[in-house]
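Structural description and commentary
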Amino acid sequence: MRPLVLLWGCLVLPGYGVLVGPKEISGFEGDTLSLQCTYGEELRKHKKYWCREGGLLISRCSGTIYAEEDGQERTAGRVSVWDSPKELTLTVTLRNLTLQDAGKYWCGVSRLGFDWSFLVSLRVLPGTSRPATQLDSTSAETSLVPSSRSSKSRVSIPMVRILAPVLVLLSLLLTAGLAALGRYLLRRRKEAQLATETQRMEKVHLPHSTSEEAEASSRDPEGATIPGPPLHLSEEELDFSKFISV
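The protein chain has the name CD300 molecule like family member g in an unreviewed UniProt entry, where Equus asinus is given as its organism. The annotation that UniProt attaches to the protein chain under Subcellular location (unreviewed entry) is "Membrane".

Next up, the structure:
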């Protein structure tokens, strides 16, 4: 039991604190935001990505953007990602923010099993609420780097991966139960067929055995026919038989 618990712990809780970054970022409509996700040395060669939080069961990400492995910046729409293995940082740039961009995003590192990632909340404020000192600026760029308020990475565990072992176990139990039920029904069916066949054979052999027993009872052990009981004749029948014999 203990090895199973340890294996489960390795699958569900792989690593902690290997990624750090801002827990929350905010900006106004039309602004450009940049943030950095810092990772550990052991993740230098792993593929990094940025995505928006999506579904729970099928996929936790939508619009995933993977960083180039050669250190080049990759751009998709208004989002750019750039991985710097030398600095151990993944830089994400969000341009021309809109109110629809507000939400939660994942900064993650792909790996076998479960990814390492942490959640970043993005707040987008209406442009009309911009302070007066920023009204003359057409766009503002904010650079966010990990600080004392940065959030440590947490293991992102999609619901389907958590439930996978349970679903597999339930499937195995269901399969075993169906197999046992099938064997039981098959055995009962064979027993019923055997009982029916036995009754039919008994009905077929019963008349033959009855006639053979009757015939055997009419013969002596040497095979001769055993005479029946003597007949009682009346006087007239006796005189008639004597007359015939004369």
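Next comes the rest of the description.
Moving on, we get to the side chain of Thr91. Following the sequence through the fold, Thr91 ends up in strand β8 (residues 89–94). When near neighbours in sequence (up to four residues on either side) are disregarded, Thr91 contacts Leu35, Gln36, Ser80, Val81 and Trp82.

Per the stated rule, a full pass over the model turns up two aromatic pairs. In this structure, Lys47 packs its charged tip against the face of Tyr66, placed 5.6 Å from the ring centre. Positioned above the aromatic ring of Trp116, the side-chain terminus of Arg111 is 4.2 Å from the ring centre.

Examined bridge by bridge, strand β4 (residues 48–53) and strand β9 (residues 103–109) share five bridges and lie antiparallel to one another. Across the sheet, Tyr49 pairs through a bridge with Gly108, a residue of β9. Sheet analysis places β4 next to strand β5 (residues 61–66), joined by four bridges and oriented antiparallel. Its bridge partner being in β5, Arg52 is matched across the sheet by Ser62.

Looking now at the state of the cysteines. Evaluated as defined, the whole model comprises two disulfides. Note on cysteine connectivity: Cys37 is disulfide-linked to Cys107, with sulfurs 2.0 Å apart. When the S-S torsion is 140°, as for the bridge of Cys37 with Cys107, the disulfide is right-handed. Of this pair, Cys37 sits in strand β3 (residues 32–39) while Cys107 sits in strand β9, and the two are 70 residues apart along the sequence.

On the surface, a nonpolar cluster with roughly 480 Å² of combined accessible area is contributed by Val166, Leu167, Leu169, Leu170 and Leu173. Structurally, Leu170 is set in helix α2 (residues 159–217).

Per the counting criterion, the structure on display carries nine salt bridges. Across the pair Lys47 and Glu69 runs a salt bridge, and its minimum N-O distance is 3.8 Å. Remark: Glu69 occurs in the loop between β5 and β6 (74–76) and Lys47 occurs in the loop between β3 and β4; sequence separation between them is 22 residues. What makes Lys47 partly exposed here is its relative accessible area of 35%. Judged by relative accessible area, which is 66%, Glu69 ranks as exposed. Residues Asp101 and Arg78 are paired through a salt bridge, measuring 2.9 Å at the closest nitrogen-oxygen approach. Placement of the pair is Asp101 in the loop between β8 and β9 and Arg78 in the loop between β6 and β7 (79–84), with a sequence separation of 23 residues.

Cut-offs and rules
- Residues numbered from 1 in each chain as written.
- Predicted model: local features only at pLDDT ≥ 70, side-chain atom pairs only at ≥ 80, totals over all residues.
- Heavy atoms only, no water.
- UniProt positions renumbered as here; feature names shortened; annotations may be inferred.
- Helix = DSSP H or I, 4+ residues; strand = E, 2+ residues; numbered from the N terminus.
- Contact = heavy atoms within 4.5 Å.
- Phe/Tyr/Trp six-rings, centres within 6.5 Å; stacked < 30°, edge-to-face > 60°.
- Lys NZ or Arg CZ within 6 Å of the ring centre and 35° of its normal.
- Pairing = 2+ DSSP bridges.
- Disulfide = S-S within 2.5 Å.
- Patch = residues over 30% accessible without salt bridge, like charges linked within 9 Å, V, L, I, M, F, W, Y side chains within 5 Å.
- Areas by Shrake-Rupley, 256 points an atom, 1.4 Å probe, with all protein chains shown as cover.
- Salt bridge = Lys/Arg side-chain N within 4 Å of Asp/Glu carboxyl O.
- Buried < 20%, exposed > 50% of the residue type's maximum accessible area, 1.4 Å probe, protein only.

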